[in-house]
Amino acid sequence: MTTAEDQAIKLPNFDLGEFVRRVLAEDLGTGGDVTSNATIGPDARFTAEINCRQPIVVAGLDIAIAFFRALDGEVRIERLVKDGDAVGAGTVLLRLDGNARALLAAERSALNTLQHLSGIATLTRSYVEAIAGTGATLLDTRKTIPGLRLLAKYAARMGGAENHRLRMDDGLLIKDNHVGVAGGVAEAVRAARAADTGLMVQVEVDRIDQIEPALAAGAERLLLDNMSNDELRAAVALVAGRVPLEASGGVNLDTIRGIAETGVDYISVGRITQSAPAVDIGLDYALSGTNGQL
């Protein structure tokens, strides 16, 4: 049985109640689940299992639970795994017993969220495993579905990535367009240092000859953008540990291991949040109950 504390997903600045209300309003409209209301009695009970149909890394269970509790405050829930767990196909994630109309009305919102977040966590874990033992750390990016960044970042963390820049005011990252407008890498870095924001100054470079001017101007971290592995190795040798190095651009599962082996400290991958496919998770009616486990 879950508790109120169990339900509270620990995300700073994330209003779980508001998210659940907004998503349910989108799905239920003004008339509610007219199909369940027309075919099922108001006091009918529903016992079911939420299970995965493929190997996944779980993320979003607390949010799924919150959807069911929002429509049935007395629903009985047994949680069988936790976020961050890698589980095999056929694993039961949750067992539910409650009002049939309420649980069926919450089903799609709960599953959509759980499938999406577990998809991010699952893809992320595959990238983390691909660079295991190299010393490089996987970072996520701001390439997320608008409005869902907090949840996407949470799911990436459950998959094993380190969160990087939740918002634009979390870090000072000078990209190529900033460099172009400022008149060069050194000019952009000097301007950023003069602004005295109190934030670490990171700058994107896409050529080896930009590295020394960036460091001389006061850059505290370099983003090596779309460099070949040979260029990355040269950058690592040139910097020689003076500042952390992050590789980015065109990274995929086929290339990430080679990138990690160049000696960079971090690798940022947009596709883990931008392009992760939803995983196959379903809710199945259980005719015979749950053997008294709920």
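Residues numbered from 1 in each chain as written. Predicted model: local features only at pLDDT ≥ 70, side-chain atom pairs only at ≥ 80, totals over all residues. Heavy atoms only, no water.

## Brief notes about unusual backbone geometry
At step 1: Even without glycine at this site, arginine 165 takes up a positive phi of about 50°.
At step 2: We note that asparagine 226 has phi near 55°; this positive angle belongs to a residue other than glycine.
At step 3: Of note, asparagine 226 is situated in the loop between β9 (221-225) and α10 (229-239).
At step 4: For asparagine 226, a relative accessible area of 52% corresponds to the exposed category. (Helix = DSSP H or I, 4+ residues; strand = E, 2+ residues; numbered from the N terminus. Buried < 20%, exposed > 50% of the residue type's maximum accessible area, 1.4 Å probe, protein only.)

## With respect to helix α8 (residues 185-195)
At step 1: Along α8, the residues classified as buried are Val185, Ala186, Ala188, Val189 and Ala192. In a view along the axis of α8, the buried residues occupy a sector of 165°, so they form one face of it.
At step 2: Buried residues belonging to α8 abut β7 (172-174), α7 (176-182), β8 (201-205) and α9 (211-216). (Arc of directions from axis to C-beta. Contact = heavy atoms within 4.5 Å.)

## A look at the pattern of salt bridges
At step 1: Counted according to the given criterion, the structure contains 17 salt bridges.
At step 2: A salt bridge links arginine 95 to glutamate 49, with the shortest nitrogen-to-oxygen separation between them at 2.9 Å. Residue arginine 95 is located in strand β5 (residues 92-99), and its partner glutamate 49 is located in strand β1 (residues 45-52); the two are separated by 46 residues in the primary sequence.
At step 3: Accessibility expressed as a relative area gives 14% for arginine 95, which makes it buried.
At step 4: Residue classification places glutamate 49 among the partly exposed positions, given a relative accessible area of 22%.
At step 5: For arginine 76, the salt bridge is made with aspartate 97, and the minimal N-O distance between the two is 4.0 Å. With arginine 76 in strand β3 (residues 76-79) and aspartate 97 in strand β5, this residue pair connects regions lying 21 residues apart in the sequence.
At step 6: On the basis of relative accessibility, which here comes to 10%, the residue aspartate 97 falls in the buried class. (Salt bridge = Lys/Arg side-chain N within 4 Å of Asp/Glu carboxyl O.)

## Considering the nonpolar core
Side chains of a nonpolar character, in soluble globular proteins, are inclined to be buried together.
At step 1: Ranked by size, the top nonpolar core spans 90 residues in total, and within it Ile50, Leu93, Leu222, Leu224 and Ile267 carry the most contacts.
At step 2: For this core, the leading source of residues is helix α5 (residues 100-130), giving 13 residues. (Core = buried A, V, L, I, M, F, W, Y, C linked by side-chain atoms within 4.5 Å.)

## Some remarks on the side chain of threonine 141
At step 1: In this fold, threonine 141 is placed in the loop between β6 (137-139) and α6 (149-159).
At step 2: Within the structure, threonine 141 has its side chain in polar contact with the backbone nitrogen of lysine 143 (distance 3.0 Å). (Polar contact = N/O pair within 3.5 Å; in protein donor to acceptor, adjacent residues only side chain to side chain.)

## A look at the packing of aromatic side chains
At step 1: With the rule as written, the count across this model stands at 3 aromatic pairs.
At step 2: Among the aromatic residues, those joined into a cluster by ring pairs are Phe14, Phe19 and Phe67.
At step 3: Cation over ring: arginine 221 sits above tyrosine 266, and NZ or CZ is 4.2 Å from the ring centre. (Phe/Tyr/Trp six-rings, centres within 6.5 Å; stacked < 30°, edge-to-face > 60°. Lys NZ or Arg CZ within 6 Å of the ring centre and 35° of its normal.)

## What to know about the sheet that holds β8
Picture the strands of a sheet paired through backbone hydrogen bonds; they go either parallel or antiparallel.
At step 1: The strand order β6-β11-β10-β9-β8-β7 describes an open sheet built from 6 strands, whose pairing is parallel. Taken across any chain shown, the strands that pair with only one partner, and hence form the sheet edges, are β6 and β7. On average, each strand axis in the sheet is inclined to that of its neighbour by 25°, with strand direction left out of account.
At step 2: Looking at chain direction, strand β10 (residues 245-248) and strand β11 (residues 266-268) are connected through 3 bridges and run parallel. The partner of serine 248 across the bridge, within β11, is serine 268.
At step 3: Against the sheet, α8 contacts β7 and β8, and its axis sits at roughly 165° relative to β8. (Pairing = 2+ DSSP bridges. Axes fitted to C-alpha atoms, helices over the stretch in contact; angles between N-to-C directions.)

## Re the environment of leucine 103
At step 1: Mapped onto the elements, leucine 103 comes out in helix α5.
At step 2: Taking the C-alpha atoms as reference points, leucine 103 and aspartate 196, separated by 93 residues in sequence, lie 53 Å from one another.
At step 3: Filtering out sequence-adjacent residues up to four positions away, leucine 103 remains in contact with Phe46, Phe68, Asp72, Val75, Leu96, Asp97 and Gly98.

## Observations regarding α6
In an α-helix there are 3.6 residues to a turn, and that puts residues three or four apart on one side.
At step 1: Counting buried positions over the 11 residues of α6 gives 8, a clear majority of the element.
At step 2: Of all the positions in α6, only Leu151, Ala152, Lys153, Tyr154, Ala155, Ala156, Met158 and Gly159 are classed as buried.
At step 3: Its buried side turned inward, α6 meets α2 (16-28), β2 (56-57), α4 (61-71), α5 and α12 (271-274).
At step 4: Of the residues trailing α6, glycine 160 is marked for its positive phi of about 115°.

## Observations concerning the sheet that holds strand β12 (residues 281-285)
At step 1: If you walk across this open sheet you meet the 4 strands as β3-β5-β1-β12, and the pairing is antiparallel. Here the strands that pair on one side only, and so sit at the sheet edges, are β3 and β12. Adjacent strand axes in the sheet meet at a mean angle of 15° when their direction is disregarded.
At step 2: Sheet analysis places β1 next to β12, joined by 5 bridges and oriented antiparallel. Bridge pairing in β12 links isoleucine 50 to leucine 283.
At step 3: In the packing of α4 onto the sheet, contacts are made with β1, β3, β5 and β12, and the angle to β3 comes to roughly 170°.
At step 4: Along the sheet, α5 makes contact with β1, β5 and β12, crossing β5 at roughly 160°.

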